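# Results of the structural survey
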Amino acid sequence: KTSPSSTDNEQEQTENLLHHGENRAQTPSSDGRQEANRGDDTLSKGERIRVKVWLDGDLVKVEMSPIEIGYQIISKVEGVRQKIEYAWLGLFLSVFLSLLPFIFRAHYADKDIGFNFEAITTTLLGYLSEPLEHQVVHVVAFILNLSLSLCYFTLFTVAERTYSQRYMYAKYFNAVTTMRRARQYSLPHFRLRSIQNIKAWLSLRSLLRRVGPHRSVGVIITSSFLIMLTILTVVCFQFFRVGGDSLKVYFTWLAIAWSMSISIYLLRLFTLGNDIQERFDNQSLLITEQINLFFFMQQSPQKKEQLMHANQVLQLSSKLLKEIDSREISGFFLSPLMSQFLRVFLLSAFSGLASEILGFKLKLWKMIK
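Residues numbered from 1 in each chain as written. Predicted model: local features only at pLDDT ≥ 70, side-chain atom pairs only at ≥ 80, totals over all residues. Heavy atoms only, no water.

### Remarks on the packing of aromatic side chains
- Taken as a whole, this structure holds twelve aromatic pairs when the rule is applied.
- When the centroid spacing of 5.7 Å and the interplanar angle of 5° are considered together, the rings of F153 and W258 count as stacked. One end of the pair, F153, is in helix 7 (residues 132-175); the other, W258, is in helix 11 (residues 250-280), with 105 residues separating them in the sequence.
- The side chain of R193 reaches across the aromatic face of F296, ending 4.3 Å from its centre. (Phe/Tyr/Trp six-rings, centres within 6.5 Å; stacked < 30°, edge-to-face > 60°. Helix = DSSP H or I, 4+ residues; strand = E, 2+ residues; numbered from the N terminus. Lys NZ or Arg CZ within 6 Å of the ring centre and 35° of its normal.)

### Observations regarding the pairing of strand 1 (residues 49-55)
- A large share of strand 1 lies buried, amounting to five of its seven residues.
- In the sheet, strand 1 pairs with strand 2 (residues 58-64) via seven bridges, with the strands oriented antiparallel. Residue pairing for strand 2: V51 is matched across the bridge by V62.
- Once strand 1 ends, the chain turns through two residues before running back antiparallel as strand 2, passing D56 with a positive phi of about 55°. (Buried < 20%, exposed > 50% of the residue type's maximum accessible area, 1.4 Å probe, protein only. Pairing = 2+ DSSP bridges.)

### Digging into the side chain of S259
- By the element assignment, S259 lies in helix 11.
- Given the relative accessible area of 6%, S259 is considered buried.
- Engagement of the side chain of S259 in a polar contact is seen with the backbone oxygen of I256, the distance being 2.8 Å. (Polar contact = N/O pair within 3.5 Å; in protein donor to acceptor, adjacent residues only side chain to side chain.)

### Here's the deal with the packing of helix 7 against helix 11
- Two numbers describe how helix 7 lies on helix 11: the axes approach to 8 Å, and their chain directions differ by 15°. Taken as axis vectors, helix 7 and helix 11 run roughly parallel relative to one another. For helix 7 against helix 11, the interelement crossing comes out left-handed.
- In terms of residue class, the contact of helix 7 with helix 11 is built from 17 nonpolar, six polar and six charged. (Axes fitted to C-alpha atoms, helices over the stretch in contact; angles between N-to-C directions. Parallel < 35°, antiparallel > 145°, perpendicular 65-115°, else oblique. Left-handed = near helix turned anticlockwise from the far one by under 90°. Nonpolar A, V, L, I, M, F, W, Y, C, P; charged D, E, K, R; others polar.)

### Looking at the packing of helix 7 against helix 10 (residues 215-242)
- Following both chains from N to C, one finds helix 7 and helix 10 inclined at 125°, their axes separated by 10 Å at the closest point. Judged by the inter-axis angle, helix 7 sits oblique to helix 10. Along this stretch, helix 7 crosses helix 10, giving a crossing that reads as left-handed. Counting all contacts with helix 7, which are made through Y152, L155, F156, A159, T162, Y163 and R166, the residues of helix 10 involved are V217, I220, I221, S224 and I227.
- Of the residues assigned to the contact of helix 7 with helix 10, the class counts are nine nonpolar, two polar and one charged. (Contact = heavy atoms within 4.5 Å.)

### Topic: the pattern of salt bridges
- Counted by the stated rule, this structure contains five salt bridges.
- For R205, the salt bridge is made with D281, and the minimal N-O distance between the two is 2.6 Å. Here R205 is found in helix 9 (residues 195-210), whereas its partner D281 is found in the loop between helix 11 and helix 12 (283-299), with 76 residues between them in sequence. As far as burial versus exposure is concerned, R205 and D281 are alike and both buried. (Salt bridge = Lys/Arg side-chain N within 4 Å of Asp/Glu carboxyl O.)

### Concerning the side chain of S94
- Within the element layout of this structure, S94 appears in helix 4 (residues 85-98).
- With a relative accessible area of 0%, S94 lands in the buried category.
- A polar contact of 3.4 Å, which involves the side chain of S94, links it to the backbone nitrogen of L150.
- Sequence-distant contacts of S94, defined by excluding residues within four places in its chain, comprise L146, S149, L150 and F153.

### Observations concerning unusual backbone geometry
- Backbone geometry places S186, a non-glycine residue, at a positive phi of 60°.
- In this fold, S186 is placed in the loop between helix 8 (179-184) and helix 9.
- The exposure class of S186 is partly exposed, given its relative accessible area of 46%.

Dropping the structure here:
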């Protein structure tokens, strides 16, 4: 509740705050600003809607465009401190993969004692007793493995950070239509009770989905996913061809270690991608808004025709979101050729192998429609 004399001043403060957030989002430190600014002609700043904002605990109604709301969300996400757990995890996995030849040699140093402190000491003394040229080769190989592993897991860390930011965009995007969450995160709030608000909501969704790198991160995830599947396929064929003796080969150890390391990051990225897709395509939100429209019709019968049009647009928007996101799996796009390769070749092969082992017919290729 505010007095009429202070409403203009508060609205002016709000507009200055929004312009400050917009300027901050357009600074060189803003990731993906080119993607966000691309296509601004479709999101005209002249098309404004009335939203509710909170200033010092007071509720104020102002007019904002979808771009201003989007830049305020972007600036808020950029102010969140990013976690570095997966950067440390990449460093640990790089050191582990670089020491894998030493661990393999220590494990098979003596079959009687196995892998323990004595085996590690014996293997280390064996390295030190070798000629100087061999020691240099081992050191250079360790440094090269460590450098390549660090470069590879750095790409995963960048992809994980990008997906974490997209998750925050989707989280704040869901909050703008809920008064409690909008007040909790200090975001503008509006309801989908008119066609203009629905259009602004769709424009805001399109803007936030374009922020940040997409093609480069998609290449990292897709290529890593195919590399892991290829490694697992080779390991499975080698295991069925050689049997238990394949574990005595260093290549098997290396393939299993790399596939497990990649799967940790892929599981994280697939989980984040699934959460992002669910929040951007929240069908329950649209259904809730449709129910609220019917409730609002009873309170305002004179606006029934306008609300009925808004309800029809919400239904069409729900169908549209299902259509345009049907090709997206866990937050990243698969090309038609790659999708057919994954579906027909790999999943069909694993389906036949699993059917022979389990004794009943299993069709894993139906996971990708």
